[in-house]
Amino acid sequence: QVHVVESGGGLVQPGGSLRLSCAASGSIFAGNVMGWYRQAPGTQRELVAEMAYRGSTDYAESVKGRFTISRDGAKNTAYLQMNSLKPEDTAVYYCKLTNYNYLGYEAAYWGQGTQVTVSS
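This is a predicted model, so every value here is computed, not measured. (Residues numbered from 1 in each chain as written. Predicted model: local features only at pLDDT ≥ 70, side-chain atom pairs only at ≥ 80, totals over all residues. Heavy atoms only, no water.)

Turning our attention to the pattern of salt bridges. Going through the model one piece at a time under the given rule, you end up with four salt bridges. In this structure, Glu-46 engages Arg-38 in a salt bridge whose closest nitrogen and oxygen atoms are separated by 2.7 Å. Taking relative accessible area as the criterion, Glu-46 reaches 35% and is therefore assigned partly exposed. A salt bridge links Arg-38 to Asp-89; its shortest N-O distance comes to 2.9 Å. (Salt bridge = Lys/Arg side-chain N within 4 Å of Asp/Glu carboxyl O. Buried < 20%, exposed > 50% of the residue type's maximum accessible area, 1.4 Å probe, protein only.)

If you look at the biggest cluster of nonpolar residues, it comprises 30 residues, and the most contacted ones within it are Trp-36, Leu-80, Met-82 and Tyr-93. Not counting residues up to four positions away in its chain, the partners in contact with Met-82 are Gly-16, Ser-17, Leu-18, Leu-20, Arg-66, Phe-67, Tyr-93 and Val-116. (Core = buried A, V, L, I, M, F, W, Y, C linked by side-chain atoms within 4.5 Å. Contact = heavy atoms within 4.5 Å.)

This part covers the state of the cysteines. Throughout the structure, instances matching the rule amount to one disulfide. Between the sulfur atoms of Cys-22 and its disulfide mate Cys-95 the distance is 2.0 Å. Sign of the S-S torsion, about -80° for the bond between Cys-22 and Cys-95, identifies this disulfide as left-handed. One end of the pair, Cys-22, is in strand β3 (residues 18–26); the other, Cys-95, is in strand β9 (residues 91–101), with 73 residues separating them in the sequence. The same class applies to Cys-22 as to Cys-95, namely buried. (Disulfide = S-S within 2.5 Å. Helix = DSSP H or I, 4+ residues; strand = E, 2+ residues; numbered from the N terminus.)

This brings us to the sheet that holds strand β1 (residues 2–7). Here we have four strands laid out as an open sheet, ordered β1-β3-β8-β7, and antiparallel in their pairing. Only two strands of the sheet have a single partner each, and these edge strands are β1 and β7 (67–72). Taking each pair of neighbouring strands and ignoring which way they run, the sheet shows an average axis angle of 15°. Strand direction decides the pairing type here: β1 and β3, joined by six bridges, are antiparallel. Pairing of Val-2 across the sheet is with Gly-26, part of β3. (Pairing = 2+ DSSP bridges. Axes fitted to C-alpha atoms, helices over the stretch in contact; angles between N-to-C directions.)

We now examine the packing of aromatic side chains. In the structure shown here, the tally under the stated rule is three aromatic pairs. Ring geometry for Tyr-94 and Trp-110: centres 6.4 Å apart, planes at 85°, overall edge-to-face. One end of the pair, Tyr-94, is in strand β9; the other, Trp-110, is in strand β10 (residues 104–110), and 16 residues separate them in sequence. Look at Tyr-94 and you get buried, because its relative accessible area is 14%. Its relative accessible area of 36% is what places Trp-110 among the partly exposed residues. An angle of 80° between the planes, with centres 6.2 Å apart, marks the rings of Tyr-100 and Tyr-105 as edge-to-face. Classification of Tyr-105 as exposed rests on a relative accessible area of 53%. Here Arg-19 stacks its cationic end above the ring of Tyr-79, 4.0 Å away from the centre of that ring. Arg-45 extends its terminal NZ or CZ atom over the ring of Trp-110, reaching a point 4.6 Å from the ring centre. (Phe/Tyr/Trp six-rings, centres within 6.5 Å; stacked < 30°, edge-to-face > 60°. Lys NZ or Arg CZ within 6 Å of the ring centre and 35° of its normal.)

Structure below.
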């Protein structure tokens, strides 16, 4: 089992910055991917950014150039640095850890989410 906990959300003005943190613990495979997703009211949860253990990344088009995902592999921690925030970035942000074994996908684990509100 894997436990995932996010932190760092809050209220920020448009153009501001926030840094989210995600700490994972438990049975974490070497071949894992950690990612950030978000869900605004009335919408589906969407990928924001993800990073594989070896360092490859993927970003949603809407956040490219503004958000940066990073990881501390030794601590199984992921971060999302969010700059130039816009009101449309307002959502609950979730961290997800996906374990992969030698056969492929094994399981995915979600955190409880942290609210990010961008408003003046």
